[in-house]
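Spelled out, the chains give:
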Amino acid sequence: MNKVIIFFISFLIASFASAKTVQVPLTYLLQDSRDPVLRGQWDKMSFPLTILDTQQADSVRISLTLKHSGNIDKATIWLNLGDKPLANIQLQPNSEPQQVVANLTPSLLAKYGNQLTLSVRHLLPPSLSMTQQRIAASEAITEILIEQSFFELAYSENTVKPTLASFAELIRSGQVYQHNIQLESLLTSNSDTSLSIASLLVQGWTLRSGSDKYRFSYHHPESNPIAKHQPANVHLVYGTQSQLEARSMLPTQYLNAIQGPFLGLYKPVAQNDWILVVSGRSENEVVQAAQHFAIPSYELPKQLFALVGKHQPMNRKDLESNQSYQIEMLTRQQQFGDEPLTLPLMMPANIMVNKEETAQLNLLLTHPKVNPGEAAMVIRINGDYANSIPLRASLWRSAQHYRLTFPMDKLHPGLNTVSVELYGPEQVSYFDEGAAYQPFTASLSSTSAINLGAWVTYIPAGRQQISADELLVIAANSGKKSQLTLNYEQLSELSEIWQLISFISHKAHQPMLDLLLTTNKKQTKPINLVFTVGEQYPISEMASSPAKTGFINQTRQNLLSIMNNSGLPSSNTQTALFSSQYFQYSNNPPFRNNESRETSLGVVSTKPGSNWSQIEFIAADSKQLTSNMEIYLSQQTIPAKGAIQLAIPSYGNDIQLARAGFINYPYSLPLFLLCLIFPLALLIQRSLGDKS
């Protein structure tokens, strides 16, 4: 009897020991910078609920904290798991947050997939007229408080062996958001190759997870032994086959399989660590394996370890100035109404537009017949209202053409979301059980297109500070023209460097495969981000003022300044924003040369007469730079200030600069035309006089 009791107690202890619970905030589940807001009459959003193949789910709980605003009479919430309806909840809108909790059985997840969809229907007060309803509906929103909403999974470990595909799912799941991601190099300490591989691994994790909120630390066994004692359940280890063998880090079967660029997953027995091994027979093959991991479209295989091929050059085509693009090139949506039509626009950095420059959205739609004033479309740029247009019906045409315009200056560097919301009379279907309401929808023709306005690309001139969004310029051409120079007085985990690289790759939505990280102070590429930590600030080789070379360049400079200043609001806030030359931090300890120079981030110096630039990041120590970097990256985009110059002079750019001059000085256009007509008139008069 005693043996049975002891066995039963041991079984319970083992069960409790193996049972675990993980809670993932919605912040780590929303993809592509999705705004956690449901707008208008109808809207929906989806997010994944990932259960790893090594996990046996015991229970699943979804907790959503919602907040309503706008003139809403009632809000109806639907929860769907794949195509399976889970819940239908009616909420009375008020200003207080409300919580919705759904408990799911593991069998549902296995049967219907792991995509949870949240749909909303906002019922407006019936006392409003059609026009009032359209206006009120455009402001009706249900916001998901993502910091207070989460996916909770209780699970136990099963006997399934993890694979590289399991590791990819772990990255996407967000389950390790609280853990430090440790980069462990076995290559030469702080060599260009070692640092650049670490950069590729950071970018790969960021792009595969869809989040730049993870924290990374760099560790080399010889140069940074302190990092050994930091808790980390995820390790990204890289080195050549011989270096791994010398460290006795892997079993023989792993080492024998390294016959080229190599990726492997290693989980030590009786440990909860996840170790990704990036290796090869040479440092060049290690780089190739890291590049494979950095490209999120390359899926990791369902194997414990594998050789990977050399990556193919990416042929991603960036958006160009004053060009037209088919809607089907930007989205797979063929109809909208139950959710907005969403167009992602990846805009380059350091662009400038004229204040009257607009983009046009040409839509050819098929939708139900409507009476005047019954339906409308509203266009938003990054969630902000931009324009609207009423819908119409034609008795002789089944498809209607609509043209929506919006100002180009609402677009910012990086990913922008252009959304078109549809408002109209709901479609009602009657059944024995009652009536079912469906949203007013429209089908999109393949000929629909968006025409972007014109812009020019600039670079700063002289010494001034640029905003974090302007650093996206280093992601152009896969980082081929950019480098990061690290001047650290003491050894560091470089967490602020990985934070910046993660931020830029997440904003650009592409890896920088050719980005160079180096400790060599010599600039070898046109754009150089220089990090000086704990050292005396070096005198910049760049000039403090732009060179004035020739009448044409000076005219371009003046017109570019006109174009820049024409779009800025004249307010005390803006004046105060520009009153300080640099965004600086106070209360910093002095440098070792006892100068009182304050820490500054993102101060750019441009070489006169060229587009070679240095962007300086200065701090007394690594800890200070890390904290200040968080502030710097969270700042809103500041319009270009100070002296700027064209990055690439061209005929099209000169046309835009001339247009800026005519917009600011409208009387200059007739004077310019008069100056052209007057000599022509004299020439014609003389010609006629000679003939007479």
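Residues numbered from 1 in each chain as written. Predicted model: local features only at pLDDT ≥ 70, side-chain atom pairs only at ≥ 80, totals over all residues. Heavy atoms only, no water.

Colleague: Tell me about the overall build of the protein, and name the residues and values.
Modeller: Of regular secondary structure, the protein possesses 14 helices and 38 strands. Across the protein, the fraction of contacts at a sequence separation of at least 24, relative to all contacts at a separation of at least 6, is 79%. In the form shown here, the protein has an accessible surface area of approximately 33,600 Å², with 53% of it arising from carbon and sulfur atoms. (Helix = DSSP H or I, 4+ residues; strand = E, 2+ residues; numbered from the N terminus. Contact = heavy atoms within 4.5 Å. Areas by Shrake-Rupley, 256 points an atom, 1.4 Å probe, with all protein chains shown as cover.)

Colleague: If you had to explain the pattern of salt bridges to someone new, which residues and values would you point to?
Modeller: Following the criterion strictly, the structure yields nine salt bridges and no others. Among the salt bridges present, the one from D469 reaches K507, with a minimum N-O distance of 3.8 Å. Of this pair, D469 sits in the loop between β31 (463-465) and β32 (482-488) while K507 sits in helix α9 (residues 495-508); the two residues are 38 residues apart in sequence, bridging distant segments of the chain. For D469, a relative accessible area of 10% gives the class buried. Residue class for K507 comes out partly exposed when judged on its relative accessible area of 26%. (Salt bridge = Lys/Arg side-chain N within 4 Å of Asp/Glu carboxyl O. Buried < 20%, exposed > 50% of the residue type's maximum accessible area, 1.4 Å probe, protein only.)

Colleague: Which residues make up the packing of aromatic side chains, and what are the values?
Modeller: Applying the stated criterion across every chain yields a total of twelve aromatic pairs. Ring geometry for W42 and W78: centres 5.8 Å apart, planes at 10°, overall stacked. Residue W42 is found in strand β3 (residues 42-48), and its partner W78 is found in strand β5 (residues 74-81); the two are separated by 36 residues along the sequence. For W42, a relative accessible area of 13% translates into the label buried. Judged by relative accessible area, W78 falls into the partly exposed class, the value being 24%. (Phe/Tyr/Trp six-rings, centres within 6.5 Å; stacked < 30°, edge-to-face > 60°.)

Colleague: With reference to specific residues and values, describe the sheet that holds strand β25 (residues 414-423).
Modeller: Across the sheet, which stays open at both edges, the four strands sit in the order β19-β25-β22-β23 with antiparallel pairing between neighbours. The open sheet has two edge strands with one neighbour each: β19 (341-347) and β23 (384-390). Going from strand to strand, the sheet's axes swing by 20° on average, the running direction of each strand aside. Sheet analysis places β19 next to β25, joined by seven bridges and oriented antiparallel. The residue of β25 that forms the bridge with T342 is S419. (Pairing = 2+ DSSP bridges. Axes fitted to C-alpha atoms, helices over the stretch in contact; angles between N-to-C directions.)

Colleague: Any details on the environment of Q253? Residues and values, ideally.
Modeller: For Q253, the location among the structural elements is in helix α7 (residues 252-257). It is 9.7 Å that separates the C-alpha atoms of Q253 and F305, two residues lying 52 residues apart in sequence.

Colleague: Lay out the side chain of H367 with the relevant residues and their values.
Modeller: Position of H367 relative to the elements: it lies in the loop between β21 (358-366) and β22 (376-381). Residue classification places H367 among the buried residues on the basis of a relative accessible area of 11%. Setting aside its immediate chain neighbours within four residues, H367 contacts L391, R392, Q400, Y402, F440, T441 and A442.

Colleague: Can you explain helix α8 (residues 283-294)? Please cite residues and give values.
Modeller: Along an α-helix, residues three or four apart share an orientation, since each turn contains 3.6 residues. A rise of 1.5 Å per residue sets the reference length of α8, with its twelve residues, at 16 Å; its end C-alpha atoms lie 16 Å apart and thus fit the reference within 8%. If you check which residues of α8 are buried, you get E285, V286, Q288, A289, A290, Q291, H292, F293 and A294. Where the residues of α8 are buried, they touch α4 (164-173), α5 (192-209), β13 (234-240), β14 (262-266) and β15 (274-280). (Expected span 1.5 Å × (residues − 1).)

Colleague: Tell me about the nonpolar core, and name the residues and values.
Modeller: Residues F167, I497, W498, L529, F531 and F617 are the most contacted members of the largest nonpolar core, which totals 105 residues. One finds L330, L361, L365 and L452 within the second-largest nonpolar core, a separate group that totals 37 residues. (Core = buried A, V, L, I, M, F, W, Y, C linked by side-chain atoms within 4.5 Å.)

Colleague: Which residues make up the environment of W78, and what are the values?
Modeller: A sequence separation of 41 residues divides W78 from S119, and the C-alpha atoms of the two residues are 5.0 Å apart. Those residues in contact with W78 that sit more than four places away from it in its chain are W42, A87, N88, T117, L118, S119, V120 and R121.

Colleague: Tell me what's going on with α9, and back it up with residues and numbers.
Modeller: With 14 residues, α9 should cover 20 Å at 1.5 Å per step; its first-to-last C-alpha distance of 20 Å lies within 8% of that length. Where burial is concerned, most of α9 is hidden: twelve out of the 14 residues are buried. Turning to α9, its buried residues number three or more, namely E496, I497, W498, Q499, L500, I501, S502, F503, I504, S505, H506 and A508.

Colleague: If you had to explain the sheet that holds strand β16 (residues 305-307) to someone new, which residues and values would you point to?
Modeller: Within a beta sheet, neighbouring strands are joined by backbone hydrogen bonds and run either parallel or antiparallel to one another. Strand order in the open sheet formed by six strands is β12-β11-β13-β15-β14-β16, with mixed pairing between adjacent strands. Edge positions in the sheet fall to β12 (216-219) and β16, since each of these pairs with one other strand and no more. Averaged over all neighbouring strand pairs, the angle between strand axes comes to 15°, with direction disregarded. Note: β14 against β16, three bridges, orientation antiparallel. Each residue of the ladder has a partner; that of L263, found in β16, is A306.

Colleague: Residues and numbers for the pairing of strand β24 (residues 400-407), please.
Modeller: Taking every second residue as pointing to the same face, the buried face of β24 carries Q400, Y402, L404 and F406, while none of H401, R403, T405 and P407 on the other face is buried. Examined bridge by bridge, β21 and β24 share eight bridges and lie antiparallel to one another. Note that in β24 the partner of T358 across the bridge is P407.

Colleague: So what's going on with the environment of L123? Residues and values would help.
Modeller: Considering the arrangement of structural elements, one finds L123 in strand β8 (residues 115-123). For L123, a relative accessible area of 30% corresponds to the partly exposed category. Dropping the residues within four chain positions of it, L123 is found in contact with I72, D73 and K74.

Colleague: Describe the packing of α5 against α8, with residues and values.
Modeller: Each packed pair of helices is defined by two parameters, the angle between the axes and the distance between the axes. The interhelical angle for the contact between α5 and α8, taken along N-to-C directions, is 20°, at an axis separation of 8 Å. What the angle tells us is that α5 and α8 run roughly parallel. Helix-helix and strand crossings are classified by hand; for α5 and α8 the assignment is left-handed. Judged by residue contacts, T193, I197, L200, L201, G204, W205, L207 and R208 of α5 engage E283, V286, V287, A290, Q291, H292, F293 and A294 from α8. Counted by class, the contact of α5 with α8 contains ten nonpolar, four polar and two charged residues. (Parallel < 35°, antiparallel > 145°, perpendicular 65-115°, else oblique. Left-handed = near helix turned anticlockwise from the far one by under 90°. Nonpolar A, V, L, I, M, F, W, Y, C, P; charged D, E, K, R; others polar.)

Colleague: I'd love a proper account of unusual backbone geometry, names of residues and values included.
Modeller: Despite not being glycine, L494 shows a phi value in the positive range, around 60°. Position of L494 among the secondary structure elements: in the loop between β32 and α9. On the basis of relative accessible area, L494 is assigned to the buried category, the value being 5%. Of note in the backbone geometry, H509 takes a positive phi value of approximately 55° without being a glycine. Among the structural elements, H509 can be located in the loop between α9 and β33 (516-518).

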